[in-house]
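# Structural features, examined
Read off the chains here:
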Amino acid sequence: MKRLIYLSTVAFAFTGCDSTGGGGDGGGIVVVDAGMASNLMPGAPCAVDPTPSDLDGDMIDDVVERRTGTNPVHPDTDGDGIVDGCEDFDRDGVVDPGEMNPREADTDGDCIPDGAEDKDGDGEVGTGETNPVDRDSDGDGITDGLEDSNCNGEFEDRETDPLSTDTDGDGFDDGAEDANVNGMRDTRETDPRFADTDRDGLPDSIEDTNGNRVVNPGETDPLNPDSDGDGVYDGS
């Protein structure tokens, strides 16, 4: 009989063998303290009942863990909330393309922890999740950690969306509006969070029709609500 118990620490208890290696139903119980595991996601994928060859129940053989530097008695070596066996999807101890690193809480180094990007902890990029092994999930040129400025894995007010190339829906990619892709609105940049940067009633893409951030003949200035200085907003 095997039992996995989550308390303040994770304890793995095996019956049928005693501390000296003897067998039999009357044998003692060997308990391995796996340390704090309260951070694991509810119903954590890839967490299974432990076995003598997988003491922490993370689906990676203990021999592989000892050889490659993950913790054989803790299912989540890096403390990111994802079981090691879901990060190392083929359970070979090697970080292969497309896999998270179970030894690093932030595999792609974008400042968003893997557990905040892979919200269900299954090792796959699902709907509403950024990619924990790609710093720029939507490919707009701005890293996820700059778009999600507080690095909590949630798209919130005053942030650009790391899952949308055009957060404000004005027809300009976020990376085109934030021309130096630094996550800040600088001089002569339109605001990728607001379709109408100067609030004059005209979307940026209507004012700057070719998107070159230059006020060409026939265009109004998306950074000036009254381009011609006549006292009337451009959109009026």
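For the structure itself, look to the data block above.
Residues numbered from 1 in each chain as written. Predicted model: local features only at pLDDT ≥ 70, side-chain atom pairs only at ≥ 80, totals over all residues. Heavy atoms only, no water.

## Points about the state of the cysteines
With the rule as written, the count across this model stands at 2 disulfides. The partner cysteine of Cys46 in its disulfide is Cys86, sulfur to sulfur 1.9 Å. Around the S-S axis, the bridge from Cys46 to Cys86 shows a dihedral of about 75 degrees and counts as right-handed. In this pair, Cys46 is assigned in the loop between β3 (30-33) and α1 (62-68) and Cys86 in helix α2 (residues 84-87), connecting sequence segments 40 residues apart. Here the disulfide map of the protein reads 1-2, 3-4, the bonded cysteines being numbered as they appear in the sequence. (Disulfide = S-S within 2.5 Å. Helix = DSSP H or I, 4+ residues; strand = E, 2+ residues; numbered from the N terminus.)

## A short note on the packing of aromatic side chains
The full count for this structure, using the stated rule, is 0 aromatic pairs. The ring centre of Phe89 lies 5.6 Å from the NZ or CZ of Arg91, which sits over that ring. Over the ring of Phe194 we find Arg199, and its NZ or CZ is 4.2 Å from the ring centre. (Phe/Tyr/Trp six-rings, centres within 6.5 Å; stacked < 30°, edge-to-face > 60°. Lys NZ or Arg CZ within 6 Å of the ring centre and 35° of its normal.)

## Overview of unusual backbone geometry
Although it is not a glycine, Arg199 adopts a positive phi angle of roughly 55 degrees. You can see Arg199 is positioned in the loop between α5 (174-177) and α6 (204-207). Exposure remark for Arg199: the relative accessible area of 45% places this residue in the partly exposed category. The phi angle at Arg213 is positive, at roughly 60 degrees, despite the residue not being glycine. Residue placement: Arg213 occurs in the segment after α6. Judged by its relative accessible area of 36%, Arg213 is partly exposed. (Buried < 20%, exposed > 50% of the residue type's maximum accessible area, 1.4 Å probe, protein only.)

## Digging into the side chain of Asp221
With respect to the helices and strands, Asp221 occurs in the segment after α6. Residue classification places Asp221 among the buried positions, given a relative accessible area of 13%. For Asp221, the side chain forms a polar contact with the side chain of Arg188, separated by 3.4 Å. Discounting chain neighbours no more than four positions away, the residues touching Asp221 are Arg188, Asp198, Glu207, Val215, Ser227 and Asp234. (Polar contact = N/O pair within 3.5 Å; in protein donor to acceptor, adjacent residues only side chain to side chain. Contact = heavy atoms within 4.5 Å.)

## Brief notes about the side chain of Asp200
Relative to the elements of secondary structure, Asp200 occurs in the loop between α5 and α6. Of the side chains with opposite charge, Arg199 comes closest to the buried, unpaired Asp200, at an N-O distance of 8.9 Å. Excluding residues within four positions of it along the chain, Asp200 makes contact with Glu207, Asn224, Pro225, Tyr233, Asp234, Gly235 and Ser236. (Lys, Arg positive; Asp, Glu negative; His and termini not counted. Salt bridge = Lys/Arg side-chain N within 4 Å of Asp/Glu carboxyl O.)

## Focus on the environment of Pro72
In this structure, Pro72 sits in the loop between α1 and α2. Sequence separation between Pro72 and Asp58 is 14 residues; the distance between their C-alpha atoms is 8.4 Å.

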